[in-house]
Amino acid sequence: MGKEKLEKGKAPLFEALVQYKNGGQASFHVPGHKKGQAYASFGGAGFLEQAMEADVTEITGMDDLHYPEGVIRDAQQLAADCFGAEESFFLVGGSTSGNLAMILTACSHPGDVLLVQRNVHKSVLNGLMLAGARAVFLEPQVDGGSGLATAPSSETVAAALAAYPEAKGVLVTMPNYYGMGTDLAPLAEACHRHGVPLLVDEAHGAHYGQHPQLPRSALASGADVVVQSTHKMLAALTMGAMLHVQGPRINRGLLRQRLAMVQSSSPSYPVMGSLDLARRQLHVQGAAAFTAGLAAVESLKRGLRELPRFGLLQPAAQQQSGAAGPAAAAYATQDPFKVVIYDRTGVLSGYELQHRLEAWDCIPEMSDDRYVVLLYSLGSTDEDTRHLLKALSHISVEKAGAQPLHSSHAAPAPYASPQVDSPEDCGFVEFSTWNNFDQTTSFSEPVAFSLTPVEPDETEVIPLEECAGRVAAEMIIPYPPGIPILYPGERITEFVAVKLRGLARSGAKCQGARDSKLGTILVHKGVREPASGNQTP
Ligand SMILES: Cc1ncc(COP(=O)(O)O)c(C=O)c1O
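Residues numbered from 1 in each chain as written. Predicted model: local features only at pLDDT ≥ 70, side-chain atom pairs only at ≥ 80, totals over all residues. Heavy atoms only, no water.

Describing the overall build of the chain
To keep things clear, this is the line we draw: Counting from the N terminus, the helices are the DSSP runs of H or I reaching at least four residues and the strands are the DSSP runs of E reaching at least two. Each residue's exposure class comes from its accessible area (1.4 Å probe, protein chains only) as a fraction of the maximum for that residue type: buried when under 20%, exposed when over 50%, partly exposed otherwise. Contacts are assigned to residue pairs with any non-hydrogen atoms lying within 4.5 Å of each other. For accessible areas, the Shrake-Rupley method is used with a probe of radius 1.4 Å. Any residue's cover is judged against the shown protein chains and nothing else.
In terms of regular secondary structure, the chain is built from 16 helices and 18 strands. Buried residues in the chain amount to 55% of all 537 residues. Expressed as a percentage of contacts within the chain between residues at least 6 apart in sequence, the contacts between residues at least 24 apart total 75%. With the model as given, the accessible surface of the chain reaches about 22,000 Å², and the carbon-plus-sulfur share is 54%.

Take a look at the structure:
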């Protein structure tokens, strides 16, 4: 592919779509809605009709995502330039498809070993299954103040690489759903010392490195493959994402083949066009693209200082200037666009606070037992903040009960880790970014993943109270954020059983589980490890 310098103010694919939309050509090709004409006499498509006018397929001039030679090639080349990659690939199936392709490339043979952070999105576990890989799970670091998990330490990565020199790479997630992160550079260095790639699920960090107030990007930290949901923190349409590559450690030909396997042969042009547009905005405006959004966050923070009931999650170093300490390693950076708040009085759980906010027409990104994640972006305005502060000030005087409010300068209560020996007493049962380690090891034995279904007659449904010591036959995924707390084939430790009971009590939304209320759970018959099979029947 020629590396001619392209004009960053251009959006080749998006502009081709505008031309198509406005052109008067008659369509004798898919899609069948024919620029929305199919609904002309029937109606009902409403605002979708506009989207349909730019919904095209691989006709002449529109290029082909899987063999790009024209506008898509140019748009991807501009994306690589903007995000600091050697090559970038558009994804129309979200970071999910990027994670699958990344794993299928790194683990090209069944049985290949991959070192994987335990608290990963379900798409990573699905990728391991598709690849028939063996995962050595790495214990993430846990921030003592919040109880939330980030990425494994470089020591854990180095120790696991020494124990499994045959590993094909290391996969971590950065930042987590709450915008918390650590320095990835030492992880990249550890990987490269062993000659293996660092693969990063940066689904929540597509904007990283694009403004001085934003943390460094995974690519700038030395990662070899990075997957970003452009639709999450930048301005692409939902499902629009990118996979970026640099360095010699990834077989690019194989990667192209894997991408073609996991993505449609009819990728959405509106989604791809929006990737081009989102990139152009960033490329042209640079850091200035974030000015208004960051100002909106700043006014929220100022407003929160007047509402002492609500605490704000932030790294220890930002709470007390100069305080680095050991906690700083686990939680060194915070995405300013993820504003994570909690009720300091403890009266409202994160879920309840979310419901109260929704009653005031403020819709948060997600909540857990303690926290509510409020997602800002380059599209946020001061008016959004005024709306939110009005809602919070109403909520702050509701339901405070007899509990005294803390002063605005009070430190947040330290996180109470669940006690395995008194499970019913645990105050906060945190699972959103949790891992299932019992904290006596920093990495697991290799766990074999496969697509072999679990036979129904090898499983049984049992009450949740009796699950400790059994082997799970279903995946349990609190959603959001979609990080499985349990996967099929995994032994259920007492530690995890406590979390599952907390999950059931809190009424969290769970995917994968047959009994969504988690009164019961599907396990393998007997207590032995199953021969194979991570797939729910
Ligand atoms: C850490 C992480 N990785 C990957 C994904 C999948 O991203 P997408 O929804 O773009 O497929 C998500 C989705 O929430 C996620 O949180």
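Moving on from the model shown.
Here we look at the packing of aromatic side chains
Quick note on the threshold: Two rings from Phe, Tyr or Trp (for Trp, the six-membered ring) form a pair when their centres are within 6.5 Å of each other. A pair whose planes differ by under 30 degrees is stacked, one over 60 is edge-to-face, and the rest are tilted. Each ring is checked for a lysine NZ or an arginine CZ that lies within 6 Å of its centre and within 35 degrees of its normal; such an atom marks a charge sitting over the ring.
Scanning the model with the defined rule gives 7 aromatic pairs in all. Seen in terms of ring centroids, Tyr178 and Tyr371 are 6.3 Å apart; in terms of plane orientation they differ by 80°. Their pairing is edge-to-face. Separated by 193 residues along the polypeptide, Tyr178 in the loop between β4 (170–173) and β5 (180–181) and Tyr371 in strand β13 (residues 371–375) bring together distant segments of the chain. A relative accessible area of 0% places Tyr178 in the buried class. With centroids separated by 5.2 Å and ring planes inclined at 40°, the aromatic side chains of Phe449 and Tyr487 adopt a geometry described as tilted. With Phe449 in the loop between β14 (443–448) and β15 (459–463) and Tyr487 in the loop between β16 (477–478) and α16 (494–506), the pair connects residues that are 38 residues apart, well separated along the chain. You can call Phe449 buried: its relative accessible area is 2%. The class for Tyr487 is buried, based on a relative accessible area of 2%. Its end group placed over the ring of Phe137, Arg118 keeps NZ or CZ at 5.5 Å from the ring centre. Directly above the aromatic system of Phe495 lies the positively charged group of Lys499, at a separation of 4.2 Å from the ring centroid.

Describing unusual backbone geometry
The omega torsion of the bond from Val30 to Pro31 falls at 5°, within 30 degrees of zero and hence cis. Secondary-structure assignment places Pro31 in the loop between α1 (12–22) and α2 (48–53). Of note, the phi angle at Met239 is positive, near 90°, even though the residue is not glycine. Within the secondary structure, Met239 is located in the loop between α8 (230–233) and β8 (241–245). Of note in the backbone geometry, Asp361 takes a positive phi value of approximately 65° without being a glycine. Relative to the elements of secondary structure, Asp361 occurs in the loop between α14 (350–359) and β12 (366–367). A relative accessible area of 60% places Asp361 in the exposed class.

Details of α16
Applicable threshold: Helix span is expected to be 1.5 Å times the residue number reduced by one.
Taking 1.5 Å as the rise per residue, α16 with 13 residues should run 18 Å; its terminal C-alpha atoms sit 18 Å apart, in good agreement. Among the residues making up α16, those that are buried are Phe495, Val496, Ala497, Val498, Lys499, Leu500, Arg501, Gly502 and Leu503. Its buried side turned inward, α16 meets β16, β17 (510–511) and β18 (520–524). Looking one or two residues beyond α16, the residue adopting positive phi is Gly507, at roughly 70°.

Describing the sheet that holds β13
Keep this limit in mind: When DSSP locates at least two bridges between a pair of strands, those strands are taken to pair.
The strand order across the open sheet built from 4 strands is β9-β11-β13-β12, with neighbouring strands paired in antiparallel fashion. Each end of this open sheet is capped by a strand with a single partner; those strands are β9 (310–312) and β12. Pairing between β9 and strand β11 (residues 338–343): 3 bridges, direction antiparallel. Looking at β11, one finds that Gly311 is bridged to Tyr342.

Points about the packing of helix α4 (residues 94–106) against helix α5 (residues 122–131)
For any two helices packed against each other, the geometry comes down to the angle between their axes and how far apart the axes lie. Put simply, the rule reads: Helix axes are fitted only over the stretch in contact, all axes being lines through C-alpha atoms; the angle between N-to-C directions runs from 0 to 180 degrees. Handedness of each helix crossing follows the sense of rotation of the near helix against the far helix: counterclockwise by less than a right angle gives left-handed, clockwise gives right-handed. Three categories are distinguished: nonpolar for Ala, Val, Leu, Ile, Met, Phe, Trp, Tyr, Cys and Pro, charged for Asp, Glu, Lys and Arg, and polar for the others, with Gly belonging to the last.
Their axes nearest at 8 Å, the elements α4 and α5 cross at an angle of 40°. Handedness of the α4/α5 crossing: right-handed. Where α4 abuts α5, its residues Thr96, Asn99, Leu100, Ile103 and Leu104 lie against Ser123, Val124, Asn126, Gly127, Leu128, Leu130 and Ala131. In terms of residue class, the contact of α4 with α5 is made up of 7 nonpolar, 5 polar and no charged.

A look at the confidence of the model for the chain
Which entries qualify depends on this criterion: Every residue is assigned a pLDDT by the predictor, reflecting its confidence on a scale from 0 to 100.
When pLDDT is averaged along the chain, the result is 88, and 87% of the positions lie at 70 or above. Below a pLDDT of 50 lies the segment residues 401–433, which in the model reaches 73 contacts outside its immediate sequence neighbourhood of four places, other chains included.

Regarding the pairing of β11
Across the 6 residues of β11, 6 count as buried, placing the element largely inside the fold. Both faces of β11 are covered, namely the face carrying Lys338, Val340 and Tyr342 and the face carrying Val339, Ile341 and Asp343. As defined by bridge partners, β11 adjoins β13 across 5 bridges and the pair is classed as antiparallel. Within β13, the residue paired with Ile341 across the bridge is Val372.

Remarks on the sheet that holds β4
The mixed open sheet is built from 8 strands, whose spatial order is β1-β8-β7-β6-β4-β2-β3-β14. Lying at the two open borders of the sheet, with one neighbouring strand each, are β1 (87–91) and β14. Strand-to-strand twist of the sheet, defined as the mean angle between neighbouring strand axes without regard to direction, takes the value 20°. Bridge count between strand β2 (residues 113–117) and strand β3 (residues 134–138): 5 bridges; the pairing is parallel. Bridging from a neighbouring strand, Gln117 pairs with Leu138 of β3.

Considerations on the site of the ligand
What counts is decided by this rule: In these notes, residues near a molecule or strand are those with any non-hydrogen atom within 4 Å of it. Polar contact is the term for a pair of N or O atoms within 3.5 Å; when the atoms are in protein, one must be able to donate a hydrogen and the other to accept it, and sequence-neighboring residues count only if both atoms are side-chain atoms.
The immediate surroundings of the ligand are formed by 14 residues, with Thr96, Asp201, His204, Ser229 and His231 found nearest. Taking Ser95, its main chain carries an N or O atom lying 2.8 Å from an oxygen atom of the ligand. At a separation of 2.8 Å, an oxygen atom of the ligand approaches a polar side-chain atom of Ser229. In isolation the ligand has 390 Å² of accessible area, and contact with the protein removes 89% of it. Residues of the shell around the ligand, tallied by class, amount to 2 nonpolar, 10 polar and 2 charged.

With respect to the pairing of β2
Worth spelling out the cut-off: Assignment of crossover handedness uses the view with strands pointing away from the viewer, where a clockwise path from the first strand over the helix to the second indicates a right-handed crossover.
Burial analysis of β2 places 5 of its 5 residues in the buried class, which makes it a mostly covered element. Neither face of β2 is open: one carries Val113, Leu115 and Gln117, the other Leu114 and Val116, and all of them are buried. Crossover connection from β2 via α5 to parallel β3: handedness right-handed. Sheet analysis places β2 next to β4, joined by 2 bridges and oriented parallel. Residue pairing for β4: Leu115 is matched across the bridge by Val170.

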